[in-house]
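Examination of the molecular architecture
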Amino acid sequence: MIRRDALDQLPVRTALPALRAALDGPGSAVLCAPPGTGKTTSVPLDLAGLTGEGPVRRVLVAEPRRMAARAAARRMAWLLGEEVGTGAAPAQGWGPVGFTVRGERRAGPRTTVEVVTTGVLLQRLQRDPELAGVDVVVLDECHERHLDADTSAAFLLDVRETLRPELRLVAASATTDAEGWARLLGGAQGAAPVVEATGVSHPVEVVWAPPERPVRPAHGTRVDPALLTHVAGVVRRALRERTGDVLCFLPGVGEIGRVAGELAGVDAEVLQVHGRAPAEVQDAVLAGGDGVRRVVLATSVAESSLTVPGVRVVVDSGLARVPRTDHARGLSALTTVRASRAAARQRAGRAGREAPGAVYRCWAEGEDGRLPAFPDPEIRVADLTAFVLQAACWGDPAADGLALLDAPPAGALAAAREVLTAIGAVDGAGRATERGVRMARLGLHPRLARALLDGAPEVGVRRAAEVVALLSEEPPRAYGDDLAAAWRTARRGGDAYGARWRQEARRLASAAGEPRGGSGAGGEPRSGSAAAGEPRGGSGAGGDGGRGAGAQLTDDAVAGLLAALAFPERVARARRKGSYLMASGTGAELAGAQAGGGHRPGSSGPGDGSGLRDAEWLAVAVADRPVAAASARVRLAAVIDEETACAAAPALYASGEEVRWSEGDVVARRVTRLGAIELAARPLTAPDPGLLRDAVVSGLRREGLGLLRWSAAAVSLRQRMAFVHRELGAPWPDVSDAALLECVEEWLGVELGRARRRADLERVDAGQALARLLPWATGDAARFDELAPERIEVPSGSRVRVDYGGAQPVLAVKLQELFGWQESPRVAGGRVPVLVHLLSPAGRPAAVTADLASFWRDGYRSVRAELRGRYPKHPWPEDPSAAEPTRHTSARLKRG
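Just so you know, these numbers come straight off a predicted model, no measurement behind them.

1. What to know about the pairing of strand E2 (residues 59-63)
Across the five residues of E2, five count as buried, placing the element largely inside the fold. The two faces of E2 match: Val59, Val61 and Glu63 on one face and Leu60 and Ala62 on the other face are all buried. Relative to strand E6 (residues 136-140), E2 runs parallel, the two sharing four bridges. By the bridge assignment, valine 61 is partnered in E6 with valine 138.

This is how it looks when you write it as structure tokens:
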């Protein structure tokens with residue numbers, strides 16, 4: 001029997017008439033409803049006609065998480081007075097409300113409202129773009145901007161435009177960019193209607209509870225233990241100051257475990273809720289307590305779509321964990337960031353779902369305004385390999401025809417296409433191959449799909465599926481960093497992870513063993529099964545892991561091969577104990593690597609160092625790069641050998657001549673490489689002249705023109721050329737370092753053709769080469785000595801060198817040699833006066849002038865008075881302008 005009282009109390013029901021009108025009119029709408037209004041549970045039932053109002057329609061509800069999908073379906077079934085079935089499907093079929101998540105399906109022909117994850121919706125759209133039989137699709141919690149949700153919305157809008165204009169579409173959220181979604185859903189016909197529902201009027205008091213002392217900002221997956229201790233203290237404070245259950249938001253499973261340990265001994269039941277928690281634990285949390293006060297430690301899975309009964313207090317750590325990709329290094333990892341203001345509002349709303357409540361925010365009020373307004377859309381920051389494959393299978397390889405709120409970054413798209421091309425999922429034009437379509441239907445990341453499809457014939461379907469299942473959900477840290485050892489632990493383990501792993505392994509074994517197009521290939525199990533069936537072997541596939549060549553491989557070898565197939569650019573060879581170089585060129589370090597000890601499969605674990613530390617080769621499955629670290633940190637890897645590495649990464653294997661500038665000289669070798677890893681090398685006796693030339697030029701550009709021989713004459717020539725260029729411009733060449741290196745082939749081409757090593761460059765006369773740049777073709781070079789003379793003849797007959805190294809040319813000459821000279825010399829065609837440095841008979845500076853006539857008239861007397869007594873043997877006439885110039889003493893001058 002329908003629970004009318006519960007339905008009528010949901011505030012969203014006041015918005016249902018407007019929502020129905022929007023769907024009957026334009027056919028799409030944005031529904032904005034605060035937490036607790038019933039948008040997730042009441043709206044689908046009403047649109048399906050299950051509450052007795054309106055026509056009966058089949059409604060598909062897409063949730064971002066499996067936990068939310070199960071909970072929403074159970075809540076809707078409860079509102080109808082029914083239950084979502086468990087165990088085998090009943091003879092009469094499933095009831096009006098069901099759900100489908102990866103590995104579990106509770107729906108059938110009688111199901112009118114089906115709740116699915118966005119990943120399942122994508123798979124369904126790829127197999128059946130028309131969504132035959134579906135009348136309405138509700139995209140719930142669209143504000144979270146998960147990549148699958150954005151992609152699903154784009155595909156659905158494409159379907160509405162080209163195949164099924166009558167398909168109704170609702171984007172629902174408690175906190176969202178309503179205007180953006182309205183424009184997206186409305187398309188060319190104008191913005192879709194925005195329907196708003198008034199929320200529950202239970203007030204939520206905000207308590208600011210920052211740490212007393214500064215804590216280190218989170219980076220990577222590391223959170224300062226001091227902050228977690230503070231969060232635990234705030235939970236204890238909330239238990240003292242408030243009534244009701246406490247819901248505490250933390251970024252990840254590790255932090256939940258740490259805070260749970262800090263809360264040992266509190267007078268409350270401490271529960272842990274996250275995506276990896278067993279379904280029965282999740283259900284128990286959502287079912288409410290039995291009178292015992294509870295503290296629920298949760299990740300962001302509890303932000304939306306779920307009501308945790310009894311919660312009156314929220315403690316918010318202010319952190320969230322999101323995917324990030326380092327495209328330059330090919331590393332993807334979860335990163336801890338500050339939660340957005342939208343997420344903080346969502347979290348606070350959990351405290352006011354049933355009654356007035358309070359939220360304790362573990363940051364200062366002044367910081368709140370500096371938080372990002374919304375979380376970053378995954379499409380901007382995440383790995384786009386799966387997205388690009390989905391787009392290619394949809395028929396839009398460039399993804400430029402998809403209606404998306406945010407365009408995917410060009411660099412991330414290029415990186416994704418490179419990966420997909422390498423694994424054969426797309427062709428040269430980016431179109432999905434038959435193999436790529438099969439990969440997309442496995443419900444895996446394309447890398448893991450490649451490992452499963454290529455690994456199964458080598459090691460058997462069952463073993464391949466087990467390892468890939470292990471890679472699809474990173475095992476707990478307690479399993480260690482050795483993939484093979486983690487595999488054995490999962491086989492033995494009776495924990496929640498082990499149960500999920502076995503279920504996923506069965507699903508993948510069935511999907512990989514199915515004929516193409518079979519029901520198991522889509523990532524959805526058959527109705528009524530908790531998994532997609534038992535592994536089925538095939539001819540040559542070693543379905544039981546005991547036939548063919550794969551039966552001869554150890555677990556360590558199988559784990560290594562599968563990891564290498566999934567991540568070929570991460571095969572790595574040791575540089576030193578615990579330190580590796582991956583084929584991508586990124587360094588990698590084992591956590592806790594120690595000297596001594598050998599590889600002991602299964603021995604790695606927290607605090608023991610790494611059991612991989614003595615391996616020569618590794619296939620790195622999971623790695624991240626801590627902030628400011630030069631190398632990646634290995635979190636999960638398997639031991640392999642060189643043969644396996646080369647077999648898994650044939651596209652990276654190359655052999656050829658390598659002539660380059662390295663460590664200060666030309667290195668010419670024949671090298672065999674696997675990406676950045678050098679496998680073998682031998683010297684080249686006759687390297688290609690073009691490669692040699694390129695290497696020498698590279699050395700010059702890297703180390704500078706100082707590699708050449710710069711005699712005093714060469715330096716002088718360059719200074720004179722620089723002076724003429726500065727004063728007169730074209731056609732006189734620029735001879736700065738940057739300009740000379742830019743046109744090095746033009747003036748140094750002859751010498752470059754003969755140079756084979758650094759020593760050859762050191763013998764090159766830079767001045768002789770530099771003279772080639774003078775404008776000989778125009779005839780101007782003939783005037784070079786006139787415009788910038790190397791030497792100037794002074795009245796004594798001496799030819800004195802001009803220094804062009806400064807801002808103005810300088811002529812340094814003894815004062816007596818200039819007697820009778822009335823004007824300072826000029827260069828550059830008379831444009832620039834030469835600065836005369838007048839020297840004493842001992843060659844020391846006596847005066848500086850650019851105007852000799854003025855010096856003779858005004859300055860000479862003081863210089864004469866000062867120096868005549870020091871140098872009495874030299875002439876010091878009273879009228880220097882009329883005196884005879886000389887290089888000699890007075891006595892020598894008299895002798896003639």
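2. Quick notes on the confidence of the model for the chain
On average, the chain scores 86 in pLDDT, and the residues at 70 or more come to 88%. Considering each helix and strand of the chain separately, the mean pLDDT is smallest for helix H31 (residues 890-895), with a value of 66, and largest for strand E16 (residues 357-361), with 96. Note that pLDDT drops below 50 for residues 515-523; the model gives that stretch 20 contacts with residues more than four away or on any other chain. This stretch, residues 593-608, has a pLDDT under 50; its non-local contacts, to residues over four places away or in other chains, come to 42 contacts.

3. Observations regarding the packing of helix H14 (residues 385-394) against helix H15 (residues 410-422)
It is the contact of H14 with H15, at a shortest axis distance of 8 Å, that shows an interaxial angle of 75°. The angle between the axes of H14 and H15 places the two elements in the roughly perpendicular class. On the side of H14, the interface is formed by Thr385, Phe387, Val388 and Leu389, while H15 contributes Leu413, Ala416, Arg417, Val419 and Leu420. Considered class by class, the residues forming the contact of H14 with H15 number seven nonpolar, one polar and one charged.

4. Describing the pattern of salt bridges
A full pass over the atoms with the stated rule returns 61 salt bridges. One salt bridge connects arginine 216 with aspartate 224, and the closest N-O pair in it is separated by 3.5 Å. Salt-bridge contacts for aspartate 406 lead to arginine 380; the nearest nitrogen and oxygen are separated by 2.5 Å. Within this pair, whereas aspartate 406 is found in the loop between H14 and H15, its partner arginine 380 is found in helix H13 (residues 378-381), the two being separated by 26 residues in sequence.

5. Topic: the packing of aromatic side chains
Evaluation of the coordinates by the stated rule reveals nine aromatic pairs. Measuring from centroid to centroid gives 4.1 Å for phenylalanine 155 and tryptophan 394, while their planes differ by 5°, and the two rings are stacked. Here phenylalanine 155, found in helix H6 (residues 147-162), pairs with tryptophan 394, found in helix H14; they are 239 residues apart in sequence, far enough to count as distant. A relative accessible area of 0% means that phenylalanine 155 is categorised as buried. Measuring from centroid to centroid gives 5.4 Å for phenylalanine 855 and tryptophan 856, while their planes differ by 55°, and the two rings are tilted. This pair shows no difference in class: phenylalanine 855 is buried, exactly as tryptophan 856 is.

6. What about empty space enclosed by the protein?
All chains considered together, the criterion is met by one cavity of 30 Å³ or more. Volume-wise, the largest cavity comes out at about 40 Å³. Around the largest cavity, the lining residues are Glu474, Pro475, Pro476, Arg477, Gly480, Arg635 and Leu636. For the lining of the largest cavity, the residue count by class is three nonpolar, one polar and three charged.

7. So, the sheet that holds strand E18 (residues 579-582)
Ordered by their spatial adjacency, five strands build a closed barrel running E17-E18-E19-E21-E20, and the pairing between neighbours is mixed. Each adjacent strand pair in this sheet contributes to an overall mean axis angle of 55°, direction not counted. Bridge count for E18 against strand E19 (residues 587-590) is three bridges, and the pairing is antiparallel. In the strand pairing of E19, tyrosine 580 is matched with alanine 588. Contacts between helix H21 (residues 555-566) and the sheet are confined to strand E17 (571-576), strand E20 (617-624) and strand E21 (632-640), with E21 contributing the most and set at about 125° to the helix.

The rules behind the values
Residues numbered from 1 in each chain as written. Predicted model: local features only at pLDDT ≥ 70, side-chain atom pairs only at ≥ 80, totals over all residues. Heavy atoms only, no water. Buried < 20%, exposed > 50% of the residue type's maximum accessible area, 1.4 Å probe, protein only. Helix = DSSP H or I, 4+ residues; strand = E, 2+ residues; numbered from the N terminus. Pairing = 2+ DSSP bridges. pLDDT = per-residue confidence, 0-100. Contact = heavy atoms within 4.5 Å. Axes fitted to C-alpha atoms, helices over the stretch in contact; angles between N-to-C directions. Parallel < 35°, antiparallel > 145°, perpendicular 65-115°, else oblique. Nonpolar A, V, L, I, M, F, W, Y, C, P; charged D, E, K, R; others polar. Salt bridge = Lys/Arg side-chain N within 4 Å of Asp/Glu carboxyl O. Phe/Tyr/Trp six-rings, centres within 6.5 Å; stacked < 30°, edge-to-face > 60°. 1 Å grid on protein atoms, 1.4 Å probe; cavity = no way out; pocket = protein on both sides within 12 Å on 5 of 7 lines; lining within 4 Å. Points joined across faces, edges and corners; volume = space filled by probe spheres on them.

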